[in-house]
Amino acid sequence: MSAYTTCEAAPPRLRKIKIVIAGGFGTGKTTLVGAVSEVRPLLTEAAMTQASEGVDALVGVESKKTTTVAMDFGRITLHPEIILMLFGTPGQDRFNNIWDDLSRGAAGAVVLVDTRRLEDAFDAVAYFEAQQLPFLIAVNQFDRAPRYLLDEVREALRLDASVPVVACDARDRRSVLEVLKDVVRHALYRLPASPHTVLGART
Amino acid sequence: MVGPYSDAVIGAGGARLRPYALTGGRTRSDYPLQLDTLLAAHPVPADIDLGPEGERIRLLCATPQPVAELAFHLGQPVQVAKILASDLLHVQALVIAEHHDASHRPDRELLEAVLVGLHNL
C-alpha cells in the first residue's frame, strides 16, 4: 500500500458556492459552463433512484424505473479555499428530483434563454420562483441585443421586476463571468436584512 | 439528452445495473452526499485494505474533490461514486472537507468573497 502525505490530522475546510445553469435544450448551457470551467465533466445520474428515496419505501427495487440523465459540471477555483461549482440542469424535466438536489444550498441560478424559443424557459422560471432561489435570465445571443429585446423577454416571461435580465455570449469567458457576477450580486441583494433569518429557512 | 459517457458506462437497456456490481448491488449511500460535497483523503493505518477503487478514490481526493468530479474521474454514475465514497468515509479514509452545511444558502461573507474572486479572475 502506498503512503499518503496529502492530509494532516485536521481535514481541509473549504468553502463552496454552487450556481445552477438551467435552460431549454440547445440554449447553450454546455457552452456556457465550458467557457469558464477548469474541468469539463459530463455526469450521469440515475434519476429515479434518487426520486424514490424516502418517498416510496414500499416499492421494490425491481419495479423502479431508472432514467439515465446527463448533466454538465464545471468548477472555478476562486481562492485556494473557495470553489465555485456550476451545474447544468439535466434535460427540461423540472419535476426530476435532480433539480431539487442541484438547487439545495445553491447561491442562485441562471436561466439561459434563446429568444426564438422563449417558452422553453417557463418551467425553469416557475421552478426557481417556487424554490425562492435567486435567479436571473441570460439571453444568449451572438450579437449585442437592443435594450428593447431584453424588455420583451421580461414581458414574455412575466418576470417580477426584481429579476435581472441580461444579455450574454455563452461562448465568451468574460461575458459568462459577468453573468456569474450578476447572479452573485442578485443573491446578495436578495439576502434578508438579518443573517439569522437565513439559517432557519428551508432552501 | 444522453452524453458520450453514459453509453459507455450504462450501456443500452438491460445493462443498466452493471455499475452497481462495484457497490455489491447497493443503490444507496449511507452518507447524505450531494453532487457538490467536497471530499478529501485522510490518512489510514497501512494495514487497512481499501481495494483498488478505494485507493483510486483516495488518490483522486489528495486535493479535495466534489462528488461530481469524483464520479467523472471514476467513469461511474454519480450514485455509484456516492456509495463508494461513503464506504471510505465509514473507515475515515475520506473526510468531508467543508466549512458549512450544504443545505444552507451561502451567507453574505461568502457571497462577497466570491464576487471578489470572480472579479480577480
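Structural notes, computed from the coordinates. Computed from a predicted structure; not experimentally measured.

1. What to know about unusual backbone geometry
Now for step 1: The backbone of Arg158(A) sits at a positive phi, close to 50 degrees, despite the residue not being glycine.
Now for step 2: According to the C-beta neighbour criterion, Arg158(A) is exposed, with 8 such atoms within 10 Å.
Now for step 3: We note that Gln92(B) has phi near 60 degrees; this positive angle belongs to a residue other than glycine.
Now for step 4: Mapped onto the elements, Gln92(B) comes out in the loop between helix 4 (78-90) and strand 3 (94-96).
Now for step 5: On the neighbour-count criterion, Gln92(B) (12 C-beta atoms within 10 Å) is exposed.

2. Side note on the sheet that holds strand 3 of chain B
All names here are of chain B.
Now for step 1: Here three strands make up an open sheet; going across it, the order is 2-1-3 and the pairing antiparallel. In this open sheet, the two edge strands, each paired with only one partner strand, are strand 2 (65-66) and strand 3.
Now for step 2: Bridge count between strand 1 (residues 38-41) and strand 3: three bridges; the pairing is antiparallel. Within the sheet, the bridge partner assigned to Ala 41 lies in strand 3 and is Leu 94.

3. Remarks on the nonpolar core
Now for step 1: By size, the foremost hydrophobic cluster in this structure holds 81 residues, and its most contacted members are Ile19(A), Ile21(A), Ala109(A), Val110(A), Val111(A), Val67(B) and Ala85(B).
Now for step 2: No other element matches the seven residues that helix 4 of chain B contributes to this core.
Now for step 3: Excluding its chain neighbours within four sequence positions, the residues that come into contact with Ala109(A) are Ile19(A), Val20(A), Ala22(A), Phe128(A), Leu133(A) and Phe135(A).

Rules of the game
- Within any chain, residue numbers begin from 1 and follow the written order of that chain's sequence.
- Written order determines the labels here, with chains lettered from A and ligands numbered from 1.
- Note on the predicted model: pLDDT of at least 70 is required for a residue's local features to be given, and 80 or more for side-chain atom pairs to be given and counted; whole-chain, interface and lining totals, by contrast, use all residues.
- Neighbour density around each residue's C-beta defines its exposure: 20 or more other C-beta atoms within 10 Å make it buried, 12 or fewer make it exposed, and counts between make it partly exposed, where C-beta atoms are placed from the backbone.
- Secondary structure counts use DSSP, requiring at least four H or I residues in a row for a helix and at least two E residues in a row for a strand, with both numbered from the N terminus.
- Criterion used throughout: strands pair if DSSP finds at least two bridges between them.
- Note on terminology: a nonpolar core is any set of buried Ala, Val, Leu, Ile, Met, Phe, Trp, Tyr and Cys residues joined through C-beta atoms within 7 Å.
- In this description, any two residues whose backbone-derived C-beta atoms lie within 7 Å of each other are considered to be in contact.

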